[in-house]
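Structural description and commentary
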Amino acid sequence: MPHTPVWFMRQAGRSLPEYRKVREGIPMLESCTRPDLVAEITLQPVRRHNVDAAIYYSDIVVPLKAIGIDLDIKPGIGPLVERPIRTRADLDRLRDLTPEDVSYVTEAIGLLTRELGPTPLIGFAGAPFTLASYLIEGGPSRTFENAKAMMYGDPGLWAELLDRLAGITAAFLKVQIEAGASAVQLFDSWVGALAPADYRRSVLPASAKVLDAVAGYGVPRIHFGVGTGELLHLMGEAGADVVGVDWRVPLDEAARRVGPGKALQGNLDPTVLFATPEAVETKTREVLDAAAALEGHVFNLGHGVPPATDPDALTRLVEYVHTHTAR
Ligand SMILES: Cc1c2[nH]c(c1CCC(=O)O)Cc1[nH]c(c(CCC(=O)O)c1C)Cc1[nH]c(c(CCC(=O)O)c1C)Cc1[nH]c(c(C)c1CCC(=O)O)C2
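All figures in this text were calculated on a predicted structure; none of them were measured in a lab.

Across its full length, the protein holds 14 helices and 9 strands. Relative to a compact globule of 327 residues, whose C-alpha radius of gyration would be 20 Å, the protein shows 19 Å and is just as compact. Overall size of the protein, expressed as C-alpha extent along the three principal axes, is 55 × 45 × 35 Å. The burial tally for the protein puts 57% of its 327 residues in the buried class. If you take every contact in the protein between residues at least 6 apart in sequence, the share linking residues at least 24 apart comes to 72%.

A separate point is helix H5 (residues 103–116). An ideal rise of 1.5 Å per residue puts 20 Å on 14 residues; H5 measures up with 20 Å between its terminal C-alpha atoms. Among the residues making up H5, those that are buried are Tyr104, Val105, Ala108, Ile109, Gly110, Leu112 and Leu116. In this structure, the buried side of H5 is in contact with helix H3 (35–49), strand E1 (54–55), helix H4 (62–66), strand E4 (121–126) and helix H8 (155–179). Just beyond H5, the residue with positive phi is Gly117, at close to 60°.

A few words on the site of the ligand. Looking at the ligand, there are 25 residues lining it, with Arg10, Tyr19, Gly76, Ser189 and His303 nearest. At 2.5 Å, a backbone N or O of Arg10 approaches an oxygen atom of the ligand. Side-chain polar atom of Arg23 to an oxygen atom of the ligand: 3.0 Å apart, as the coordinates give it. Contributions of two or more residues to the shell around the ligand are made by helix H1 (17–23) and strand E3 (78–81). Looking at side-chain class alone, the shell around the ligand contains 15 nonpolar, 6 polar and 4 charged residues.

With that out of the way, let us pick up the environment of Val305. Counting through the fold element by element, Val305 comes out in the loop between strand E9 (297–301) and helix H14 (311–324). On the basis of relative accessibility, which here comes to 8%, the residue Val305 falls in the buried class. Sequence separation between Val305 and Gly156 is 149 residues, and the spatial gap between their C-alpha atoms is 37 Å. When sequence neighbours within four positions are dropped, the list of residues in contact with Val305 reads Phe8, Met9, Arg10, Gln11, Ser15 and Leu314.

Quick look at the UniProt feature "binding site: substrate" (unreviewed entry) in the protein now. Mapped onto the present numbering, the UniProt feature "binding site: substrate" (unreviewed entry) falls at Arg10, Gln11, Ala12, Gly13, Arg14, Asp59, Tyr134, Ser189 and His303. In sequence the annotated residues extend across 294 residues, and in space they extend as well, their farthest C-alpha pair lying 22.7 Å apart. By secondary structure assignment, the location of Asp59 is in the loop between E1 and H4. Given a relative accessible area of 12%, Asp59 falls into the buried group. Setting aside residues no more than four positions away along its own chain, Asp59 makes contact with Met28, Cys32, Ile73, Pro79 and Phe124. Here His303 is to be found in the loop between E9 and H14. Excluding residues that lie within four positions of it along the chain, His303 makes contacts with Met9, Ser189, Trp190, Phe224, Val226, Trp247 and Pro270.

Analysis parameters
- Residues numbered from 1 in each chain as written.
- Predicted model: local features only at pLDDT ≥ 70, side-chain atom pairs only at ≥ 80, totals over all residues.
- Heavy atoms only, no water.
- Helix = DSSP H or I, 4+ residues; strand = E, 2+ residues; numbered from the N terminus.
- Rg over C-alpha atoms; globule rule 2.2 N^0.38 Å.
- Buried < 20%, exposed > 50% of the residue type's maximum accessible area, 1.4 Å probe, protein only.
- Contact = heavy atoms within 4.5 Å.
- Expected span 1.5 Å × (residues − 1).
- Near = heavy atom within 4 Å.
- Polar contact = N/O pair within 3.5 Å; in protein donor to acceptor, adjacent residues only side chain to side chain.
- Nonpolar A, V, L, I, M, F, W, Y, C, P; charged D, E, K, R; others polar.
- UniProt positions renumbered as here; feature names shortened; annotations may be inferred.

What follows is the structure, given as structure tokens:
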């Protein structure tokens, strides 16, 4: 590529008026099962911002819904699970995922790879910890008290739950890759709530199982979480090719923590987008300078695009990264 590649987590979605228009009256999870709508929403930010990759429009809870978990996404709140997973008997509700459960994904990716041409399509899934946090808590949480109660108090049950989720997640990523996704991202958004020793013991084996299950396809595997400064080394150890970094750790320091042999993705603070264009450029320059000596860099925000972002700020940012990293 003649410049540093750039895309944005949550580049599709509420920051775009064209997204709000096509989603009118259609619930989030229903929209994820309609291949024509999925393709259109995935393509919207590619057309508008000239980003270097599309990310498949879906949600981390889609594979759980597909195997029959009773959950919904409430606007402004997030995923809510009717009957949380708390006991060994509850594990029976987490059956394996088959390609037939998510045939709309295969169909949508077929449409997308034809439309996208050479532009890569990034598939994704939620990592076992982050999925478990929603399943056990029953919804979003700041403290993860129920999830941690299981992790600390019943490590056997916890390990079985995470292992089952790893199988579902791996199957879901395989469907996306076999349909044509050219890279995958494993979102462990909330894993920064853990201390390194607990991550190593209670989470790393399940995430490593997912990453290992798709290693043979040869597509780049990105692994991302928020607030993971103290976990970066271990997240690299879990096996990804690219480690996503939030805005709290500069990329040169992140590279020291992750160690050699990996590319990094990130890490502009998303809320910088609410500042003046000059401030966005200054902060972007800082990210690019910190990335100068990396083995590989994919420019991104340190987390998802906030819904209230002015889309023009994102278009300008892509242009800035392209022109200032031109080789
Ligand atoms: C934790 C998490 C979830 N979902 C996801 C994560 C991991 C990424 C992250 O850390 O942000 C992943 C996700 N969800 C969505 C995408 C789309 C692809 C893209 O990045 O452009 C991706 C990659 C669409 C979505 N997922 C959701 C929306 C908004 C729903 C809507 O438009 O009605 C979109 C576009 C809903 C959702 N789903 C989830 C939350 C917290 C929310 C927000 C609730 C709200 O604020 O309304 C769970």
